[in-house]
Amino acid sequence: MYVELKDINKTYAGYQASNHVSFGIEQGRLIALLGPSGSGKTTILRMIAGLETPDSGEIVIDGKVVNNIPASERGIGFVFQNYALFRYMTVYDNIAFGLNVKKENKKYIDERVHELLKLISLDGLEKRYPSQLSGGQRQRVAFARALAPNPHLLLLDEPFAAIDAKVRQELRSWLKEMIEKLGITSIFVTHDQDEAIEVADEIIITNKGHIEQKGTPLEIYQNPQTAFAATFFGQTSQITNYQSFHSFPKVDNVDKAIIRPEFVKVSKKNEVQRFGPSASEGVVERVSFRGDSLELLVNVNDNQIIAKRGLEEKSIAVGEKVDVFIYRLFVTVGEKAMLLENQSLVDDSVFI
Amino acid sequence: MNQNKQSGFVKWLLITISVLFLFVMLVLPLLVVITQAFKSGVAAYLKAVTDKYTVRALLLTLEATLTAVVVNTIFGLFAAWTITKFKFKGKKLLTTLIDIPVTVSPVIAGLIFILLFGRQSLLYPILKACHIKVVFAVPGIILATVFVTFPFISRELIPVLETEGTDEEEAAALMGAGAFTIFRKITLPHIRWALLYGIVLCTARAMGEFGAVSVLSGHLRGLTNTLPLHVEILFNEFQYVPAFAVSSILVILAIILLVMRSVLEHKGKTTKKPL
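Residues numbered from 1 in each chain as written. Chains lettered and ligands numbered in written order. Predicted model: local features only at pLDDT ≥ 70, side-chain atom pairs only at ≥ 80, totals over all residues.

Trainee: Whenever I open this one, the overall build of chain A confuses me. Can you help?
Mentor: A count of helical and extended segments in chain A gives eight helices and 19 strands. Based on the C-alpha atoms only, the size of chain A along its principal axes is roughly 75 × 45 × 35 Å. (Helix = DSSP H or I, 4+ residues; strand = E, 2+ residues; numbered from the N terminus.)

The following block contains the structure:
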């Protein structure tokens, strides 16, 4: 493990920001710390950087315990949420800052800055001040500034939060590509699940100061281990009485069941339903156009379930009676989540 | 239309009142100072201004002002930095304490120092043993001036540092910059104009200080007399022309500072780059 946190605790004025946090990150990976605001993800990032000190526990980077090494000597690149560019310095001076501090020779600094300017495609703008740049350009300068001294670890705090939606999309792919190209171990904090799924090699889900789950986006998506991880991804429907749907095995002490839209098949009464006997009847309450699909809200036995329907399929009207078949669902028992398959699928393996 | 007419009337009324008030309260007294100073001709004016005791008083005023500004610049920077960059217990109390000199009457400040360093003080034997004379001597005057002017610079800096936040400093620290580099390259450019503005205000206040200095000075002509005290002495001796002539020096210094203040304010506004 390149970066390792061992049983980290941190309390701010009675608020437990980190609660027995432990995880490890392999070299060269791009990791997302994903969680709602107040879940302690930024605190973790700041402790790794050395901007905060844990109350207990060890932080290990590259085999060394760094708890007592000051932030300035950890050799970490940090991109701040609002970039924190030096507003009284030009783009050039911003990027050169870390190199100047290290007293590198002028020629090397000049080469390195121009190399980075090219990397972030801002060559020609080195004389501008941060206030004369767009949000996306500032983000890229912040990135270049953090990379200039060749850090071994790059930390990014909500790197896309302050950028408008369209540019954000572009920057995400750009950043992922850049980090892959450079092979630098990176950790970024985000509250946006799409961002985490799209950018990260691995996701660490945080909630209320502790780690809920760590895994690749696919693993977490397909196999959430906790109730929180199951609900955090996607637009889920939550029902209390999953036994009202046919052919699911019985589990004791279930608190609720979580259903993702893609787990649901909605068919019109006159359509052939392959698992007819296991389907339940429901009434469509709302149909919304979602660009690439229709989103249906269907009431089945007083449970409201969200489902998707392709645009090429026959249209469904509000108030229409439909058959609803559920392939699988997650049930939660306390903090734990488990996947239940619809028993009528056991012989036929149909996957999404 | 009616609305416009009315607001036009109000506007002119308010302007007239303001101008009249300023004229009576500020411009008229200044004119009186100048005319009185030159009442007996330029020669008398020059004689009063170049008088031995006047020059000594001017030098003492400049000495006290310079010391106060230097001390308070350093203290103000430290205090503002401490209050805005760190979290600690008693921060509110410290912020309030800084304001004491503007709320306490300068005369009382002077008396406090007399009690603290004078003959009846417990410190007096120690000071005497070290041959340090504070009361009725130059150190006392400087002390009083420093005391009275010390909130000016920190008060200017605190709001600027507060709005700036600590991100840029943190970013610089993460790249390995030391405290001095961070201060010089990151913090100072931010607070430059506020700092200069605070220095100007501090200078103006220090030059004009009367109350606290008056109590501590002992009015020893040529030794512990500052310009404002000198004016008072001359006036009490019915030497009106010299009194007004010396006053005019203070007026001229004040005008220079006012101009500097306006220039700084203007510069501070135009060079401020939005984030």
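Trainee: So what exactly am I meant to see when it comes to the sheet that holds strand β13 (residues 264-268) of chain A here?
Mentor: Within a beta sheet, neighbouring strands are joined by backbone hydrogen bonds and run either parallel or antiparallel to one another. Residue and element names in this part refer to chain A. The five strands are arranged β13-β17-β14-β15-β16 in an open sheet whose pairing can be described as antiparallel. At either margin of the open sheet sits one strand with a lone partner, and together these are β13 and β16 (303-310). Adjacent strand axes in the sheet meet at a mean angle of 45°, parallel and antiparallel pairs treated alike. (Pairing = 2+ DSSP bridges. Axes fitted to C-alpha atoms, helices over the stretch in contact; angles between N-to-C directions.)

Trainee: Help me understand the domain arrangement of chain B in this model?
Mentor: By convention, interface size is frequently given as the accessible area that disappears when the constituent parts associate. Residues and elements named next belong to chain B. Split into domains, chain B comes out as domain 1 (1-37) and domain 2 (41-271). Distance from the C-alpha centre of domain 1 to the C-alpha centre of domain 2: 32 Å. Facing the five residues of domain 1 at the interface are eight residues of domain 2. (Domains from an automatic or database assignment. Contact = placed C-beta atoms within 7 Å.)

Trainee: Can you help me understand the interface of chain A and chain B in this one?
Mentor: Contacts between chain A and chain B engage 20 residues on the former and 16 residues on the latter. Every element with two or more residues in the side of chain A that touches chain B is listed here: β6 (76-79) and α2 (91-101) of chain A. Looking at the side of chain A that touches chain B element by element, the count peaks at three residues for α2(A). Split by residue class, the side of chain A that touches chain B holds 13 nonpolar, four polar and three charged. (Nonpolar A, V, L, I, M, F, W, Y, C, P; charged D, E, K, R; others polar.)

Trainee: How should I be thinking about the domain arrangement of chain A in this particular structure?
Mentor: Its domain assignment divides chain A into domain 1 (3-223) and domain 2 (235-345). The C-alpha-based centres of domain 1 of chain A and domain 2 of chain A are spaced at 39 Å.

Trainee: What is the right way to read the environment of A:L175 from this model?
Mentor: Residue and element names in this part refer to chain A. Within the secondary structure, L175 sits in helix α5 (residues 165-182). Since 22 C-beta atoms lie within 10 Å of it, L175 is described here as buried. Distance from L175 to R140, taken between C-alpha atoms, is 8.8 Å for residues 35 residues apart in sequence. Discounting chain neighbours no more than four positions away, the residues touching L175 are P159 and V199. (Buried ≥ 20, exposed ≤ 12 C-beta atoms within 10 Å, placed from the backbone.)

Trainee: Can you help me understand the packing of α2(A) against helix α4 (residues 135-147) of chain A in this one?
Mentor: A pair of packed helices is captured by two measures, namely the crossing angle of their axes and the spacing between those axes. Residues and elements named next belong to chain A. For the pair α2 and α4, the least separation of the axes is 7 Å and the interaxial angle reads 30°. On the basis of the axis angle, α2 is roughly parallel to α4. Between α2 and α4 the crossing geometry is right-handed. Contact residues: α2 offers V91, N94, I95, F97 and G98, while α4 offers V141, A144 and R145. Residues of the contact of α2 with α4, tallied by class, amount to five nonpolar, two polar and one charged. (Parallel < 35°, antiparallel > 145°, perpendicular 65-115°, else oblique. Left-handed = near helix turned anticlockwise from the far one by under 90°.)

Trainee: Looking at this structure, I do not really get the nonpolar core. What am I missing?
Mentor: A general trend in soluble globular proteins is that nonpolar side chains are found buried together. Residues A:A32, A:L155 and A:V324 are the most contacted members of the largest nonpolar core, which totals 103 residues. When residues of this core are assigned to their parent elements, the largest contribution, six residues, is made by α4(A). Formed by 54 residues, the second largest nonpolar core is a distinct cluster that contains B:A37, B:V148, B:I191 and B:C202. (Core = buried A, V, L, I, M, F, W, Y, C linked by C-beta atoms within 7 Å.)

Trainee: In this structure, what is going on with the pairing of strand β18 (residues 328-333) of chain A? I would like to understand it.
Mentor: Regular strands place side chains that alternate from one sheet face to the opposite one. All names here are of chain A. Bridge analysis of strand β12 (residues 256-259) against β18 gives three bridges, and the strand direction is antiparallel. Within the sheet, the bridge partner assigned to A257 lies in β18 and is V331. Relative to strand β19 (residues 336-341), β18 is paired through six bridges, and the arrangement is antiparallel. When the bridges of β19 are listed, R328 appears paired with E341. Between the end of β18 and the start of β19, which pair antiparallel, lie two residues, with G334 showing a positive phi angle near 60°.

Trainee: What is the right way to look at the sheet that holds strand β10 (residues 210-215) of chain A in this model?
Mentor: Residues and elements named next belong to chain A. Spatially, the six strands line up as an open sheet ordered β6-β7-β8-β3-β9-β10, and their pairing is mixed. Each edge of the open sheet is held by one strand with a lone partner, namely β6 and β10. Across this sheet, the average inter-strand angle for adjacent strands is 15°, counted without regard to direction. Where strand β7 (residues 153-157) and strand β8 (residues 185-190) come together, five bridges link them in parallel fashion. Bridge pairing in β8 places L156 opposite F188.

Trainee: What is the right way to read unusual backbone geometry from this model?
Mentor: All names here are of chain A. Of note in the backbone geometry, N301 takes a positive phi value of approximately 45° without being a glycine. Structurally, N301 is set in the loop between β15 (293-300) and β16. Note on N301: 14 C-beta atoms within 10 Å, which makes it partly exposed.

Trainee: Quick question: what am I supposed to make of the environment of A:L340 here?
Mentor: Residues and elements named next belong to chain A. Topologically, L340 is positioned in strand β19. Sequence spacing of L340 and F248 is 92 residues, and the spatial spacing of their C-alpha atoms is 6.9 Å. Those residues in contact with L340 that lie beyond four places of it in its chain are F248, P249, R328, L329 and V331.

Trainee: When you look at the environment of A:N223 in this model, what are you seeing that I'm missing?
Mentor: Residues and elements named next belong to chain A. As for its position among the elements, N223 is in the loop between α7 (217-222) and α8 (227-232). Look at N223 and you get partly exposed, because 15 C-beta atoms sit within 10 Å. The sequence separation of N223 and L339 amounts to 116 residues, and the corresponding C-alpha distance is 7.2 Å.

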